[in-house]
Each structure stands twice: as structure tokens, then as C-alpha cells.
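Observations on chain architecture
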Amino acid sequence: MLVEVCANSLQSAVNAQRGGADRIELCSELAVGGITPSYGLLQSVREHISIPVHVLIRPRSGDFTYSDREFEIIKRDVALCTDLGFEGIVSGVMHQNFTLDIARTRELVQSSKGLHFTFHRAFDWVKDPFQALEKLEVMGVDTVLSSGLQKSAWEGIDLLARLNKCSSSCTIMPGGGIGPKNVKEFKDIGFEAVHLSGTRIIPTLDSLPRIPMSAVSLPTDGEIVVTDVETIRKVVKRAK
């Protein structure tokens with residue numbers, strides 16, 4: 001079973017590699033579901049990471065319906081990641097009615113030809129996952145990242161298993177709430193890959209600043225979220 005770690009920083013990527021991860025999905029700002037990492041982070045990861053890296057291309061938080069200008073940013077970021085030699089792209093576009101934006105997603109798949117293409121967890125917003133999967137396979141999408149249309153992959157495991165059985169070319173990769181306690185169940189069901197961040201919170205300041213810069217629901221300014229080596233090692237050990 002392939003273990004993909006969603007890394008939100010260079011340190012998280014290094015820790016994921018040290019922990020034995022097979023692949024990294026690189027992003028920034030996990031607390032909002034991930035956005036496109038900076039150019040500096042992309043360059044640093046290229047220099048320090050030897051395992052395959054797929055880059056999340058998402059220009060902002062919020063929904064997955066983009067303006068023309070935002071879509072141009074997405075295409076430029078795909079081209080940049082191609083030029084930098086990354087192995088894969090993680091992206092996707094939706095309509096406001098929670099159906100796939102087939103034209104734009106197809107354009108992204110075609111523009112990243114030669115790279116592995118993962119359709120991200122926007123998939124969990126679709127109304128008909130089986131129809132959506134069929135359309136993504138026709139486009140040439142390699143992997144679908146999903147929690148089974150639930151808050152966690154464990155809650156959505158039954159639907160994920162059904163999608164896995166009916167998929168003809170896409171790898172169904174469960175993600176969301178996967179860790180050492182449940183990864184073996186996903187392996188036993190027959191999934192070929194799983195996705196997790198495996199993070200723990202690390203204090204960085206002796207005391208909190210007077211004025212917070214983070215929203216109440218996010219980690220405080222005195223903490224960062226970093227992938228934990230031991231969590232990844234435990235998952236890899238049980239997955240392998």
C-alpha cells in the first residue's frame with residue numbers, strides 16, 4: 001500500500017520522508033484544506049526531498065469554483081510545477097451546483113500531461129460520485145482523493161469501497177482521519193493507497209502574543225502544524 005503524506009512545510013516534507021512515506025502531497029495552510037505552496041517552498045522541497053512529490057494547485061481557500069483570472073493562476077502554477085520537475089499535480093474544478101467542471105478539469109489534465117494527476121477532495125462535494133468517477137476516468141485522471149463524501153474516510157469507508165470496486169483506471173485514495181489505528185482496515189479492504197497529514201502541534205513561543213493573527217478555529221500564533229515522524233512511521237509499518 002502506498003502511503004502519501006500531505007506536507008504543509010519543508011519540515012513536514014522532511015519528516016514524512018524520514019518516516020518512510022512513499023509520496024508527498026505538498027501544500028500550504030492545512031487548516032483551510034490546503035492551498036498552492038510558495039515558489040520558495042517548491043524550490044526547497046526539490047532540493048531536499050528525493051521521494052515523489054505531487055503539488056496541490058489551489059489558488060485560495062473556500063470553494064472550487066474559480067473566476068477566469070483564478071483559473072489562469074492555476075494554469076500558470078501547473079506550468080511552473082512541470083518546469084520544476086515535480087512528479088504530479090493535485091487539483092480540480094467544480095461548478096456552483098456541485099458538479100464537475102469537465103472542460104476546465106480536462107484542460108488541467110491535458111496541460112499536466114506526463115505528470116500524475118490527482119483530483120482532490122472537491123470530489124467529496126459531488127452529488128453523484130459514481131458518475132463523477134466515470135467522467136474523471138474518461139479525462140485520464142490517475143487518482144481520486146476522497147473521504148467517501150463524509151467528514152472522514154472512516155465514516156465514508158463503505159462508499160469508498162464501492163468506488164474502489166467499480167473503478168477501472170483511477171486509484172481511489174482514501175484521505176481524511178486516517179492514522180495508525182485504522183490504516184490496516186483500509187489495506188485489508190483492498191485500497192492501494194492512503195493519504196494523511198499525520199500532524200501534531202508543536203509550541204513555538206514561550207507565551208501567546210497579545211493580539212492573535214489566526215482565526216479562533218485555527219492553531220494559535222504560538223503553534224505550527226507539522227507532520228510527525230513517529231505517526232508516519234506507525235502508519236507505514238502497519239500499511240506495509
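From a predicted model like this one, the values you see are computed outputs, not experimental measurements.

Conventions adopted
- Residues numbered from 1 in each chain as written.
- Predicted model: local features only at pLDDT ≥ 70, side-chain atom pairs only at ≥ 80, totals over all residues.
- Heavy atoms only, no water.
- Helix = DSSP H or I, 4+ residues; strand = E, 2+ residues; numbered from the N terminus.
- Rg over C-alpha atoms; globule rule 2.2 N^0.38 Å.
- Contact = heavy atoms within 4.5 Å.
- Areas by Shrake-Rupley, 256 points an atom, 1.4 Å probe, with all protein chains shown as cover.
- Lys, Arg positive; Asp, Glu negative; His and termini not counted.
- Charge placed at Lys NZ, Arg CZ, Asp CG, Glu CD.
- Buried < 20%, exposed > 50% of the residue type's maximum accessible area, 1.4 Å probe, protein only.
- Phe/Tyr/Trp six-rings, centres within 6.5 Å; stacked < 30°, edge-to-face > 60°.
- Lys NZ or Arg CZ within 6 Å of the ring centre and 35° of its normal.
- Pairing = 2+ DSSP bridges.
- Axes fitted to C-alpha atoms, helices over the stretch in contact; angles between N-to-C directions.
- Salt bridge = Lys/Arg side-chain N within 4 Å of Asp/Glu carboxyl O.
- Core = buried A, V, L, I, M, F, W, Y, C linked by side-chain atoms within 4.5 Å.

1. Overview of the overall build of the protein
- Within the protein, the secondary structure is distributed over eight helices and ten strands.
- In terms of overall dimensions, the protein is globule-like: its C-alpha atoms have a radius of gyration of 17 Å, near the 18 Å expected for 240 residues.
- With respect to the three principal axes, the spread of C-alpha positions in the protein is 55 × 45 × 35 Å.
- Across the protein, every contact between residues at least 6 apart in sequence was considered, and the portion connecting residues at least 24 apart equals 65%.
- Surface summary for the protein: the accessible area is close to 11900 Å², and the carbon and sulfur share equals 50%.
- The protein carries 27 positive and 29 negative side-chain charges, and their two centres are separated by 3 Å.

2. Observations regarding the side chain of His120
- Position of His120 among the secondary structure elements: in the loop between β5 (116-119) and α5 (129-139).
- On the basis of relative accessible area, His120 is assigned to the buried category, the value being 4%.

3. Some thoughts on the packing of aromatic side chains
- The full count for this structure, using the stated rule, is four aromatic pairs.
- Note on Phe64 and Trp125: the rings are 4.9 Å apart at their centroids and 65° apart in plane angle, and the pair reads as edge-to-face. With Phe64 in the loop between β3 (53-56) and α3 (68-83) and Trp125 in the loop between β5 and α5, this pair connects stretches of sequence that are 61 residues apart.
- For Phe64, a relative accessible area of 9% puts it in the buried group.
- A residue is classified by how much of its surface remains accessible, and Trp125, at 39% relative accessible area, is partly exposed.
- Ring centres of Phe98 and Trp125 lie 6.0 Å apart, and the angle between their planes is 85°; this geometry places the pair in the edge-to-face category. Separated by 27 residues along the polypeptide, Phe98 in the loop between β4 (88-91) and α4 (102-111) and Trp125 in the loop between β5 and α5 bring together distant segments of the chain.
- Here the aromatic cluster, defined as three or more aromatic residues joined through ring pairs, consists of Phe64, Phe98 and Trp125.
- For Arg46, the ring lying beneath its charged end belongs to Phe86, and the centroid distance is 4.5 Å.
- When the ring centre of Phe71 is taken as reference, the NZ or CZ atom of Arg104 above it lies at 4.6 Å.

4. Digging into the sheet that holds β3
- Strand order in the open sheet made by the eight strands is β7-β6-β5-β4-β3-β2-β1-β8, with parallel pairing throughout. Each edge of the sheet is formed by a strand with only one pairing partner; in this case those strands are β7 (171-174) and β8 (193-196). Neighbour to neighbour, the strand axes of the sheet diverge by 25° on average, direction disregarded.
- Relative to strand β2 (residues 23-26), strand β1 (residues 2-7) is paired through four bridges, and the arrangement is parallel. Bridge assignment links Glu4 to a residue of β2, and that residue is Arg23.

5. Concerning the pairing of β8
- Alternating positions in β8 separate into two faces, Ala193 and His195 on one and Val194 and Leu196 on the other, with burial throughout.
- Sheet topology note: the β1/β8 ladder contains four bridges and is parallel. Opposite Glu4, over in β8, you have His195 as the bridge partner.

6. Some details on the pattern of salt bridges
- For the structure shown, the criterion picks out twelve salt bridges.
- Beyond isolated ion pairs, a larger network of salt bridges with shared partners links Arg60, Asp63 and Glu70.

7. Thoughts on the nonpolar core
- One finds Ile24 and Phe186 to be the most contacted residues of the largest nonpolar core, which totals 60 residues.
- Broken down by element, this core gets its largest block of residues, five residues, from helix α6 (residues 157-166).
- Excluding residues within four positions of it along the chain, Ile24 makes contact with Glu4, Val5, Ala7, Ala13, Ala16, Ile49, Ile51, Pro52, Val53 and His54.

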